[in-house]
Every structure is written in structure tokens, then in C-alpha cells.
Amino acid sequence: MASPARPPDPAAARAGALLTVDLDAVQANYRRLARELGGVACAGAVKADAYGLGMARVAPALVAAGARCFFVALPDEGIALRRIFAQTVADAEIYVLNGPMRGAEADYLAHGLIPVLNSLDDLDHWRAVAAAQDRPLAAVLHVDTGMNRLGLPRDELDVLAGDHGRLEGLELRYVLSHLACAEDAANPMNARQLADFRAAVGRLPPAPASLANSSGIFLGADYHFDLARPGAALSGVNPTPGQANPLRQVVRLHWKILQVREIDAPQAVGYGATFRATGPTRLATVAVGYADGYLRSLSNRGMGHIGGVQVPVVGRVSMDLVTFDVSSVPADLARPGATIDLLDADLGVDEVGARAGSVGYEILTALGRRYHRSYLGG
Ligand SMILES: Cc1ncc(COP(=O)(O)O)c(C=O)c1O
């Protein structure tokens, strides 16, 4: 028997969905943020595999757009990033937001990872590592101005302000803090954190300062200091909710239709029979589910596009399957083998996040490992 014809890309043929990451758009977003910052340096936060987009592809694209300074959450991410840069970018600075993880000091030193010191305990620890090395070690100091997550709380800042000697042996690259409400420009907490940050910086030895994340960049020049640390905006998340997104969508996601069927009232769809047809309804079932990061909270709330027409998710999102009501779409568009767009130029990660009762950040970082990924440009 003759074997079936091989498609041009068998891996794409086998996958339930096609994910495209537009690296040109990532670079355009970086340049847009850099423009907003005037001459102030712009880092890239590439933790969580560059917000789910693939650090191995996104970080070099950012370098090509001009970035030299990167933030990750964990030392393993920093090691991976250093390896990505090994042959190409000798001068990339890699900062580890979660601090110096105890027992991993040798890894920080071997891979040139710079910890963000989040407490006096972190600071004393890293100073001891510097003393043992008999050389100054680079570090960033994080002062808390209201997140109450990481960073020196007020009482620890008081201690340090009265004893600058505790920074001896450390080369302070930045003093940083993190904004809690930057995406809400009218929130008075922004100005309070700005004032507290200025005061904190004034009590420490002179060092460059960094406050703004993606949304913080759009709060104005007062928030820019010497370095901004955007992450989400690079991926197309709107840093100014409620206003037009100044950035380009980066991710396209197309789900394959496995099967189409007609039902009529009072038939139900999916686990729990949470959707019931009230009349003749055409259904398309696609080959992805919550195991691919399409959140279960999108059950009966998610939306897709076929040929520019909106099609709603009906019934519960299950592990590997989601069903859409495609009654409003011509049958030749909604057929097995055709695709439903879950993310495209008109349906961004912010809208999907809002429908899920979440945010674009979670939609991006949840993007599944089973998708067939391809990258454009960069
Ligand atoms: C300390 C710090 N700086 C910068 C960022 C990047 O923030 P965003 O993705 O909102 O730009 C984060 C993200 O959580 C962070 O924790």
C-alpha cells in the first residue's frame, strides 16, 4: 500500500495547534519602550522562559534590538540565558530577582549571575561570599516600597542607612524597587512608592536606580531613573489598560478543528452538560484544552475567530479538547482541518486574560508545550 503523502512540516501536521511568535514585533516593542524612556537604559525581564515565548529565541532578538541587561527569577534561568549568549554576547548583564539562593553561590560566580539582594540577610550573605572570594562582587539592592513581597522592609533599610559599611565588598550596580499598581495610572500608591523610593535611594551610597516595570514606563519620566525593567510589554501585553495598546501583538495561536457536528435542543455539550443548545447548533471541537494552558475558567466564556467572525466556547474546557459554537460561520470555513484563531491581531492576550478572569501575563506563561511553535523574523 502506498504511504500517505508527507506534509511539508510533519511536526506541524501532528500538533493540535500552531503557535507563532513574531520576534520582529518583540523587537518593535523593545524599541517603542526605549523611545518612551528617552535616553534611559531598557532591560528585558525574560523570566519564566521569556513569559512563555521562549527565552532562547526572545533574548537574542532583544540583544539585536539593543538590550544588554536582563532579569530572570531563578539562577537556573540565568545559567540557561548565559549559555544562550555564550558565543555571541560577552557583555550581557544577568540579574537574578529572587536573590542569592543558598548553596548555589558557585553557580552565580561561574556564570556571572548578579543577585538582587532582597533582605539584610541576603546582603550579609553575599558580602560574606565576596569576602571569601577576596574580591568585590556585583549586586543589586531591592528596597521594598509597598509590595511587601521581597526587598528590604523599612526597618532593615533604617539599619542599612545607619551603617553603609554593610555594603563593603559589594559593587552596587542598582538600587531597585517594584511598583504594585503601575497599570493603574490614577492609583495614589504610584506617587507614594515613588516618594519612598527617592527617599530610600537618598539614604544609601550613590548608585544607579531602577523602579519602572512595563506600565511604570508609561507613568512618566519621574519613574524612569537609570534603568527600566519591562517584561510583559515586550510580549504585547498592554501596559496602559483602558487605553489603546501602544505595542504590537506578538503571539498568534491557531487551533485545529477535529470534528464538526450539528445538534438541536435540548442536547448538551461537554463535561457537566453546562451548555445546552436552545435550537439547531453547529459545533466544532478543537484539539487543545487546559493541558495546553487554555484555562478552564474560559469554559462558556472564551472566544475564537474564524475568518474574522467571533465564535464562542461552549461547554467546559476539558484537558485536550474545547468545543465552539460555529453556527454563524459558513460551513466551508468551519470544517475539520481548518483552524480557529485563539490569539491574533484582533484578539490579544489581554482580552483572553480578561475573559478568563485573569491577565495576559497568565495566558502567556501558561502557553502549552504541545503547541507547534514557529518564530518569525528577529
Ligand atoms: C522586580 C520585577 N521587575 C520587573 C518585572 C517585570 O514586570 P512587567 O512584566 O510588568 O513589565 C517584574 C515582574 O514581575 C518584577 O518582579
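Residues numbered from 1 in each chain as written. Predicted model: local features only at pLDDT ≥ 70, side-chain atom pairs only at ≥ 80, totals over all residues. Heavy atoms only, no water.

Draft legend 1. Spotlight on the side chain of threonine 145. With respect to the helices, strands and loops of the structure, threonine 145 is situated in the loop between strand S7 (137-142) and helix H8 (154-161). What makes threonine 145 buried here is its relative accessible area of 10%. Only 2.7 Å separates the side chain of threonine 145 from the side chain of serine 177, close enough to count as a polar contact. Engagement of the side chain of threonine 145 in a polar contact is seen with the side chain of glutamine 193, the distance being 2.9 Å. Sequence-distant contacts of threonine 145, that is, excluding residues within four places in its chain, are made with Ser177, His178, Gln193, Asp196 and Phe197. (Helix = DSSP H or I, 4+ residues; strand = E, 2+ residues; numbered from the N terminus. Buried < 20%, exposed > 50% of the residue type's maximum accessible area, 1.4 Å probe, protein only. Polar contact = N/O pair within 3.5 Å; in protein donor to acceptor, adjacent residues only side chain to side chain. Contact = heavy atoms within 4.5 Å.)

Draft legend 2. Structural view of the site of the ligand. With respect to spatial proximity, 13 residues lie near the ligand, and among them Lys47, Tyr51, Ser214, Ala232 and Tyr361 are the closest. Residue tyrosine 51 places a side-chain N or O atom 2.5 Å away from an oxygen atom belonging to the ligand. Between an oxygen atom of the ligand and a main-chain N or O atom of alanine 232, the distance comes to 2.8 Å. A total of 400 Å² of accessible area belongs to the ligand in isolation, and the protein chains cover 91% of it. (Near = heavy atom within 4 Å. Areas by Shrake-Rupley, 256 points an atom, 1.4 Å probe, with all protein chains shown as cover.)

Draft legend 3. Representation of the pairing of strand S11 (residues 251-263) within the structure. Here strand S1 (residues 17-22) runs beside S11; their pairing, made up of five bridges, is antiparallel. Looking at the pairing, threonine 20 lines up with arginine 252 of S11. Strand direction decides the pairing type here: S11 and strand S18 (residues 339-343), joined by four bridges, are antiparallel. Across the sheet, residue histidine 254 finds its bridge partner in S18, namely aspartate 341. Sheet topology places S11 next to strand S14 (residues 281-286); six bridges connect them, and they run antiparallel. Note that in S14 the partner of valine 260 across the bridge is alanine 284. (Pairing = 2+ DSSP bridges.)

Draft legend 4. Region of the structure containing the packing of helix H4 (residues 55-65) against helix H5 (residues 75-85). One way to put it is that H4 packs onto H5 with a least axis distance of 10 Å and a crossing angle of 60°. Between H4 and H5, the crossing angle belongs to the class labelled oblique. Pair H4 / H5 crosses with right-handed handedness. Across the interface between the two elements, Met55, Ala56, Ala59, Pro60 and Val63 of H4 pack against Glu77, Ala80, Leu81, Ile84 and Phe85 of H5. Here the contact of H4 with H5 is built from residues that sort into nine nonpolar, no polar and one charged. (Axes fitted to C-alpha atoms, helices over the stretch in contact; angles between N-to-C directions. Parallel < 35°, antiparallel > 145°, perpendicular 65-115°, else oblique. Left-handed = near helix turned anticlockwise from the far one by under 90°. Nonpolar A, V, L, I, M, F, W, Y, C, P; charged D, E, K, R; others polar.)

Draft legend 5. The arrangement of the side chain of threonine 285 in detail. Relative to the assigned elements, threonine 285 resides in strand S14. In this structure the side chain of threonine 285 is engaged in a polar contact, spanning 3.4 Å, whose partner is the side chain of threonine 323. Those residues within four positions of threonine 285 in sequence are excluded, and the remaining contacts are Lys256, Ile257, Leu258, Gln259, Leu321, Val322 and Thr323.

Draft legend 6. Molecular detail of unusual backbone geometry. Cis geometry marks the peptide bond from alanine 265 to proline 266; its omega dihedral reads 5°. Here proline 266 lies in the loop between S11 and strand S12 (268-269). At alanine 50, a residue that is not glycine, the phi angle is positive and equals roughly 55°. Locating alanine 50 in the fold gives a position in helix H3 (residues 47-51). The backbone phi angle of aspartate 134 is positive, close to 60°, even though this residue is not glycine.

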